[in-house]
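Spelled out from the first residue to the last, the chains are:
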Amino acid sequence: MNKDLIYPRAFDKQIVYLKNVINSNNIIVGDYTIYNDFYHDPRDFEKNNVLYQYPINNDKLIIGKFCSIACNAKFMFTSGNHNLGSLSTYPFPIFFDEWGLDPKNITDAWNNKGDIIVGNDVWIGYDAIIMPGVHIGDGAIIGAKSLITKDVEPYSIVGGVPAKQIRKRFDDSTIQILEDIKWWDWPEEKIKESIDDIQKGNIEKLKEKQA
């Protein structure tokens, strides 16, 4: 993948290779993952779409290869959370100056949910919201305007508020084969030679190429 190529379509400024517009060390994106935005400049993804990822918490957004992320999808991080173990939802530790608190304890203001991890070949629909600590498996599809509050199984389709599994994309045998061959990790030339088989669902031919 050309690390300097921002727009995969020469005359389309709404789609970017996401990896090539990220500056934060806490956002890790795989090759060929794309983001589309028709509201804002898609190069501003980490400012507009990754919310409450405060450096002090050091949580990460990890997105795999060949993902497709639709306009206005949001990734909500732990620092936007509030501590539910407290008798009050007010985030006193954030305002340590006002209340004479130790600034080292600022992370006590929220429940730490951990990293958001998105697998490979995942399609995240328009206006979807991914909540803190969620893991999305390879090949999953996230429906438009869905609220993802818990982990999503590989190759499953989920939707709704909160999102629930609608169905699996393939039978368990096919899913296992896809998870085993991991075509997204193949060399670029091998993927290029296999595009027709991938698009036509020729799983046996992909197995042969993996062998």
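The structure this text deals with has already been given above.
The rules behind the values
- Counting of residues starts from 1 at the beginning of each chain's written sequence and follows it residue by residue.
- Only residues with pLDDT of 70 or above have their local features reported here, since the model is predicted, and side-chain atom pairs are shown and tallied only from 80 upward, although totals for entire chains, interfaces and linings are computed over all residues.
- Where side-chain values are given, they derive from all heavy atoms of the structure, hydrogens and water being excluded.
- Secondary structure is summarised from DSSP: a helix means a run of H or I of at least four residues, a strand means a run of E of at least two, and numbering begins at the N terminus for each.
- Under the scheme applied here, a residue whose accessible area is under 20% of the maximum for its type counts as buried, over 50% as exposed, and between as partly exposed, the area being computed with a 1.4 Å probe on protein chains only.
- Residues count as neighbours in contact if any of their non-hydrogen atoms are within 4.5 Å of one another.
- Two strands pair under a simple rule: DSSP has to find at least two bridges between them.
- Take a side-chain nitrogen of Lys or Arg and a carboxyl oxygen of Asp or Glu: if they are within 4 Å of each other, that pair is a salt bridge.
- Aromatic rings from Phe, Tyr and Trp, with only the six-membered ring used for Trp, were paired whenever their centres fell within 6.5 Å, and each pair was classed as stacked if the ring planes differed by under 30 degrees, edge-to-face if by over 60, and tilted otherwise.
- Geometrically, a lysine NZ or arginine CZ counts as sitting over a ring once it is within 6 Å of the ring centre and also within 35 degrees of the ring normal.

Describing the overall build of the protein
1) Next: Scanning the protein from N- to C-terminus turns up five helices and 15 strands.
2) Next: Taking the principal axes of the C-alpha coordinates as reference, the protein spans close to 65 × 40 × 30 Å.
3) Next: Counting across all 211 residues of the protein, residues that qualify as buried make up 39%.
4) Next: Summarising the internal contacts of the protein: among those between residues at least 6 apart in sequence, 46% fall at separations of at least 24.

Topic: the sheet that holds strand β9 (residues 123-124)
Backbone hydrogen bonds are what pair the strands of a sheet, in a parallel or an antiparallel way.
1) Next: Here we have seven strands laid out as an open sheet, ordered β1-β3-β6-β9-β12-β14-β15, and mixed in their pairing. What marks the edges here is a single partner per strand, and that holds for β1 (15-17) and β15 (163-168).
2) Next: Relative to β9, strand β6 (residues 68-69) runs parallel, the two being bridged by two bridges. Within the sheet, the bridge partner assigned to Ile69 lies in β9 and is Ile124.

Some words on unusual backbone geometry
1) Next: In this structure, the amide linkage connecting Val161 to the following residue, Pro162, adopts the cis form with an omega of -10 degrees.
2) Next: Here Pro162 is to be found in the loop between β14 (156-160) and β15.
3) Next: Unusually for a residue other than glycine, Tyr52 sits at a positive phi of about 65 degrees.
4) Next: Tracing the backbone through its elements, the reader meets Tyr52 in the loop between β4 (50-51) and β5 (61-63).

Brief notes about the pattern of salt bridges
1) Next: Counting across every chain of the model gives eleven salt bridges.
2) Next: For the salt bridge of Asp185 with Lys65, the shortest nitrogen-to-oxygen distance reads 3.0 Å. Taken together, the residues Asp185 in the loop between α3 (172-181) and α4 (188-200) and Lys65 in the loop between β5 and β6 connect sequence positions 120 residues apart.
3) Next: Note on Asp185: relative accessible area 43%, which makes it partly exposed.
4) Next: The exposure class assigned to Lys65 is partly exposed, which follows from its relative accessible area of 24%.

Describing the packing of aromatic side chains
1) Next: One pass over the full model with this rule turns up 15 aromatic pairs.
2) Next: The interplanar angle of 85 degrees and the centroid separation of 5.4 Å between the aromatic rings of Phe92 and Trp99 together place this pair among those described as edge-to-face.
3) Next: Judged by its relative accessible area of 48%, Trp99 falls in the partly exposed class.
4) Next: Members of the aromatic cluster, joined through ring pairs, are Tyr17, Tyr32, Phe66, Trp183 and Trp184.
5) Next: Sitting over the ring of Trp186, Lys190 keeps its end group 4.3 Å from the ring centre.

Topic: the sheet that holds strand β11 (residues 135-136)
1) Next: The four strands are arranged β2-β5-β8-β11 in an open sheet whose pairing can be described as parallel. Here the strands that pair on one side only, and so sit at the sheet edges, are β2 (27-29) and β11.
2) Next: Where β5 and strand β8 (residues 116-118) come together, three bridges link them in parallel fashion. The residue bridging Ile62 from the neighbouring strand is Ile117, located in β8.

Quick look at the environment of Val134
1) Next: Relative to the helices and strands, Val134 is located in the loop between β10 (129-130) and β11.
2) Next: What makes Val134 buried here is its relative accessible area of 1%.
3) Next: In contact with Val134, other than residues within four places in its own chain, are Asp115, Ile116, Ile117, Ile148, Thr149, Lys150 and Asp151.

Comments concerning the pairing of β15
1) Next: The pairing of β14 with β15 spans five bridges and is classified as antiparallel. Bridging from a neighbouring strand, Gly160 pairs with Ala163 of β15.

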